[in-house]
Amino acid sequence: MEKIAQIEQQNPEPAYHSFYPASYKDPKSGSAQSSINGSTEKESRLNQDDISSATSDLKRPEYMYLPCHYFDFMAGTSTGGLIAMMLGRLRMTVGHCIEEYISLGGKVFGKPRRLNARSNPFSNRGKYDCDNVEKVVEKVTGLYNPSIQTELWDKVPLKSPEKLCKTMVVATNEDGRKPYIFRSYDIGNPPKSKRHHNPGPAHEYFLSTIAKATSAAPGYFDPLLLHGITFLDGGLVANNPTVEAYNEVSWQQGNKAPALVLSIGTGEKEKRTLKTLEKHMKHWKHFISYEINYRIAESQSADDDMTDERDDGKVQYERLTVTLDFGLGWMKLDEWKRRPQATKPVDASRDTQGRYMRQSEYFRQKKSKHHDTVRFLEARTKLYLNQQSVQKQLERLAGFLVKRRRLRSKTPLWNHFATGDKWRCPKNDHCPGSPFDTWEGLLAHFAKSHSHSRIPDARDCVRRY
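Calculation notes
- Note on numbering: residues in each chain are counted from 1, in written sequence order.
- Where local features are concerned, this predicted model is filtered to residues with pLDDT of at least 70; where side-chain atom pairs are given and counted, the filter is 80 or more; whole-chain, interface and lining totals use all residues.
- Based on all heavy atoms of the structure, the side-chain values leave hydrogens and waters out of the count.
- Under the scheme used here, helices are H or I runs from DSSP no shorter than 4 residues and strands are E runs no shorter than 2 residues, and both carry numbers assigned from the N terminus.
- Burial classes: relative accessible area under 20% of the type maximum marks a residue as buried, over 50% as exposed, and values in between as partly exposed (1.4 Å probe, protein chains only).
- The criterion used for residue contact is that any of the two residues' heavy atoms lie within 4.5 Å.
- Note on areas: these come from Shrake-Rupley sampling with a 1.4 Å probe, and a residue is covered only by the protein chains present in the view.
- DSSP-based pairing: two strands are paired if at least 2 bridges between them are found.
- UniProt positions are given in the numbering used here, feature names are shortened, and annotations may be inferred rather than shown by experiment.
- Disulfides are defined in this document as cysteine sulfur pairs within 2.5 Å.
- Cavities and pockets were defined on a 1 Å grid built from protein atoms only: a cavity is a group of points that admits a 1.4 Å probe but offers it no way out, a pocket is an open group of points flanked by protein on both sides within 12 Å along at least five of seven lines, and a lining residue is one with an atom within 4 Å of any such point.
- Grid points are joined across faces, edges and corners, and a volume is the space filled by probe spheres set on the points.
- By the convention adopted, Pro, Cys, Tyr, Trp, Phe, Met, Ile, Leu, Val and Ala count as nonpolar, Lys, Arg, Asp and Glu as charged, and the other residues, Gly among them, as polar.
- Only residues whose relative accessible area exceeds 30% and that take part in no salt bridge are eligible for patches, with like-charged residues grouped when within 9 Å of each other and nonpolar side chains (Val, Leu, Ile, Met, Phe, Trp, Tyr) grouped when within 5 Å.
- Salt bridge, as applied in this entry: a Lys or Arg side-chain nitrogen positioned within 4 Å of an Asp or Glu carboxyl oxygen.
- Asp and Glu count as negative and Lys and Arg as positive, but His and the ends of the chain are not part of the count.
- Just so you know, the charge point we use is NZ for Lys, CZ for Arg, CG for Asp and CD for Glu.
- What counts as a ring pair is set by centres within 6.5 Å for rings of Phe, Tyr and Trp (its six-membered ring), and what kind of pair is set by the plane angle: stacked under 30 degrees, edge-to-face over 60, tilted for all other angles.
- Either the NZ atom of lysine or the CZ atom of arginine qualifies as a charge over a ring when it sits within 6 Å of the ring centre and within 35 degrees of the ring normal.
- Only buried residues count toward a nonpolar core, which is a set of Ala, Val, Leu, Ile, Met, Phe, Trp, Tyr and Cys residues joined through side-chain atoms within 4.5 Å.
- The span expected for a helix works out to 1.5 Å for each residue beyond the first.
- Only the stretch in contact is used when fitting a helix axis, every axis being a line fitted to C-alpha atoms; angles between N-to-C directions are given from 0 to 180 degrees.
- Every angle not falling under 35 degrees, over 145, or within 65 to 115 is termed oblique; those three ranges are roughly parallel, roughly antiparallel and roughly perpendicular.
- Here a crossing is taken to be left-handed if its near helix is turned anticlockwise relative to the far helix by less than a right angle, and right-handed if that turn runs clockwise.

## Some remarks on the overall build of the protein chain
Here's step 1: Secondary structure assignment for the protein chain yields 16 helices and nine strands.
Here's step 2: The burial tally for the protein chain puts 47% of its 465 residues in the buried class.
Here's step 3: Within the protein chain, residue pairs in contact and separated by at least 24 positions form 68% of the contacts whose partners lie at least 6 positions apart.
Here's step 4: Accessible surface, the protein chain as shown: approximately 24300 Å² in total, 51% of it carbon and sulfur.

So this is what it looks like as structure tokens:
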């Protein structure tokens with residue numbers, strides 16, 4: 001978001017937050033206020049002057065520019081599914097998302113069960129308690145629930161208003177090992193094809209339930225049985241869900257490709273075998289290597305397919321993922337080691353390990369008492385991002401996204417897209433079309449149905465999201 005902030009603030013009409021020209025709205029539900037046409041209601045509303053003169057965290061771009069204002073659609077699998085729900089459905093900032101994800105990692109992966117399928121071949125329990133995932137996600141939804149219309153504050157359904165940023169989360173349907181897509185939006189019946197999965201109305205399952213479904217990695221978490229369907233980790237069939245998301249959006253737009261597809265990975269991995277495990281489980285040797293390498297190859301295959309679409313001139317496609325030579329490829333799915341004193345920001349320029357990291361080097365460092373999983377991830381990711389070629393790619397992406405946001409902000413629908421607020425008819429809440437997505441829509445209704453009445457004050461008509 002740093003590149004986006006630079007471009008937004010250097011514009012002749014600077015924007016110090018992504019709600020502009022509406023007023024900034026704190027993503028944390030406890031202080032959320034409604035806004036209309038850039039005006040404020042009271043207390044926690046902030047205008048451009050407040051933010052430009054601030055010296056606190058308000059000026060940090062990761063807290064001022066929301067990804068859901070720059071993208072129409074977010075999709076993810078497993079860990080990516082959790083992030084998609086936080087950034088897309090909960091409309092969180094990147095800064096808040098990172099904070100909560102670190103907290104989630106400690107509360108889930110920091111507490112393995114003593115007797116589990118990965119430590120005892122006679123146990124079928126997951127290594128970690130999936131109920132912890134549910135509790136942590138409910139805590140996050142309670143803090144960042146974007147809508148006061150929700151009946152249960154910490155139980156937010158995936159379904160969201162039609163014209164806000166849409167969210168798609170992929171899980172695996174154990175029956176036939178095929179993708180199952182949880183959606184925040186309705187989708188009609190596309191032509192019968194392997195490219196489309198379980199169309200229908202938006203899912204009203206709680207985010208905490210969907211989190212358990214998309215992250216149910218065999219051996220790590222127990223499968224989730226939901227309405228007769230057993231769900232497993234979405235990475236088993238769509239480790240990189242970019243193609244699924246591309247097909248979904250294209251179908252919704254009448255077979256028209258999206259303007260931009262940005263794929264963000266968790267780091268390249270090298271094809272390998274588990275020699276120790278294979279030594280003691282000879283009958284499973286080929287299956288183990290196949291499963292590991294299939295998931296690695298599947299991610300690369302999705303990238304190759306989208307690259308072909310880009311090369312054919314069908315779509316603007318970009319991929320960001322830490323490359324193999326930065327050492328993230330050897331990390332385990334559940335790796336988690338924290339040092340209590342590791343609180344200072346990471347300075348990637350002081351990382352003395354160089355660029356390339358071999359497997360033996362990583363394992364040696366991991367055993368060190370000074371190793372911290374989060375700081376290692378942050379340092380190596382910053383080294384990747386600081387490359388000149390990646391910096392140019394980020395600048396190109398930021399320029400495109402800012403241009404699109406600013407064009408949208410000039411439309412009547414912007415206030416609804418940015419805040420979720422609507423406008424109700426003050427004469428009758430049950431008037432046809434009420435609540436309206438735009439102020440102009442309400443005025444047109446008022447002129448047609450209540451022409452003899454005084455035009456209402458806009459603030460009296462806001463229906464807060």
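## With respect to the pairing of strand β5 (residues 229-232)
Here's step 1: Of the strand pairs in this sheet, strand β2 (residues 166-173) and β5 are connected by two bridges, and their pairing is antiparallel. Residue pairing across strands places N173 opposite F231, the latter belonging to β5.
Here's step 2: Alignment of strand β4 (residues 224-226) against β5, held across three bridges, turns out to be antiparallel. Within the sheet, the bridge partner assigned to L224 lies in β5 and is F231.
Here's step 3: The hairpin formed by β4 and β5 contains two residues between the paired strands, and H227 there has a positive phi angle of roughly 50°.

## Considering the UniProt feature "active site" (unreviewed entry) in the protein chain
Here's step 1: This chain's UniProt record puts "active site" (unreviewed entry) on S78 and D233. A maximum C-alpha distance of 6.0 Å among these annotated residues, which run over 156 residues, shows that they cluster at one spot.
Here's step 2: Take S78: it is sitting in the loop between β1 (73-77) and α4 (79-89).
Here's step 3: By relative accessible area, which is 15% here, S78 ends up buried.

## Overview of the state of the cysteines
Here's step 1: This model, assessed by the stated rule, comprises zero disulfides.
Here's step 2: Free of any disulfide, C431 has its nearest cysteine sulfur in C425, 3.8 Å distant.
Here's step 3: The class for C431 is buried, based on a relative accessible area of 9%.
Here's step 4: This cysteine, C461, is not joined by any disulfide, and C425 carries the nearest cysteine sulfur, 7.5 Å off.
Here's step 5: With a relative accessible area of 0%, C461 lands in the buried category.

## A closer look at empty space enclosed by the protein
Picture a little ball the size of a water molecule; that probe, rolled over the atoms, points out where space is still empty.
Here's step 1: Tallying each qualifying case throughout the model produces three cavities of 30 Å³ or more.
Here's step 2: There is about 90 Å³ of room inside the second largest cavity.
Here's step 3: As for the second largest cavity, its lining consists of L82, M85, M86, L90, L104, V137, V140, T141, L207 and A211.
Here's step 4: At the level of secondary structure, the elements contributing two or more residues to the lining of the second largest cavity comprise α4, α6 (130-144) and α7 (207-214).
Here's step 5: Looking at the lining of the second largest cavity residue by residue, the classes come out as nine nonpolar, one polar and no charged.

## Re a positive patch on the surface
Here's step 1: A cluster of basic side chains, namely K28, K107, K111, K135 and K139, defines a positive patch on the protein surface.
Here's step 2: Relative to the elements of secondary structure, K139 occurs in helix α6.
Here's step 3: Judged by relative accessible area, K139 falls into the partly exposed class, the value being 41%.

## Digging into the packing of aromatic side chains
Two descriptors summarise a pair of aromatic rings, namely the distance from one centre to the other and the angle between the planes of the rings.
Here's step 1: Counted according to the given criterion, the structure contains 11 aromatic pairs.
Here's step 2: Their ring planes at 80° and their centres at 5.6 Å tell us that F19 and Y24 sit as a pair that is edge-to-face. Both residues of the pair, F19 and Y24, belong to the buried class.
Here's step 3: Among the aromatic residues, those joined into a ring-pair cluster are Y180, F182, Y205 and F231.
Here's step 4: Taking the ring centre of F417 as reference, the NZ or CZ of R408 above it sits at 4.1 Å.

## Side note on the nonpolar core
Here's step 1: Ranked by size, the top nonpolar core spans 63 residues in total, and within it M85, F182, F221 and F231 carry the most contacts.
Here's step 2: Within the second largest apolar cluster, 10 residues are counted, among which are L442, F446, A458 and C461.

## A few points about helix α14 (residues 388-409)
Here's step 1: For α14, spanning 22 residues, the distance from its first C-alpha to its last is 31 Å, which sits close to the expected 32 Å at 1.5 Å a residue.
Here's step 2: Listing the buried residues of α14 in full gives V390, Q393, L394, L397, A398, L401, V402, R405, R406 and S409.

## Description of unusual backbone geometry
Here's step 1: Of note, the bond from Y20 into P21 is cis; its omega dihedral lies within 30 degrees of zero at 10°.
Here's step 2: Among the secondary structure elements, P21 is positioned in the loop between α1 (2-10) and α2 (48-52).
Here's step 3: Although it is not a glycine, S78 adopts a positive phi angle of roughly 55°.
Here's step 4: Positive phi, normally seen in glycine, also occurs at R91, with a value near 60°.
Here's step 5: By the element assignment, R91 lies in the loop between α4 and α5 (94-109).
Here's step 6: Take R91: its relative accessible area is 7%, and that puts it in the buried class.

## Brief notes about the pattern of salt bridges
Here's step 1: What the rule picks out here adds up to 17 salt bridges.
Here's step 2: For K3, the salt bridge goes to E395, with nearest N and O atoms at 3.4 Å. With a gap of 392 residues between them, K3 in helix α1 and E395 in helix α14 connect regions that are remote in the sequence.
Here's step 3: A relative accessible area of 17% places K3 in the buried class.
Here's step 4: Assessed through its relative accessible area of 42%, E395 is described here as partly exposed.
Here's step 5: A salt bridge links R408 to D72, with the shortest nitrogen-to-oxygen separation between them at 2.6 Å.

## Structural notes on the packing of α6 against α7
Here's step 1: Across the interface, α6 lies against α7 with an axial gap of 8 Å and an inter-helix angle of 140°. As far as their axial angle goes, α7 and α6 are oblique. The element α6 and its partner α7 pack so that their crossing is right-handed. Within the contact between the two elements, α6 uses C130, D131, V133, E134, V137, E138 and T141 and α7 uses L207, S208, A211 and K212.
Here's step 2: Residues of the contact of α6 with α7, tallied by class, amount to five nonpolar, two polar and four charged.

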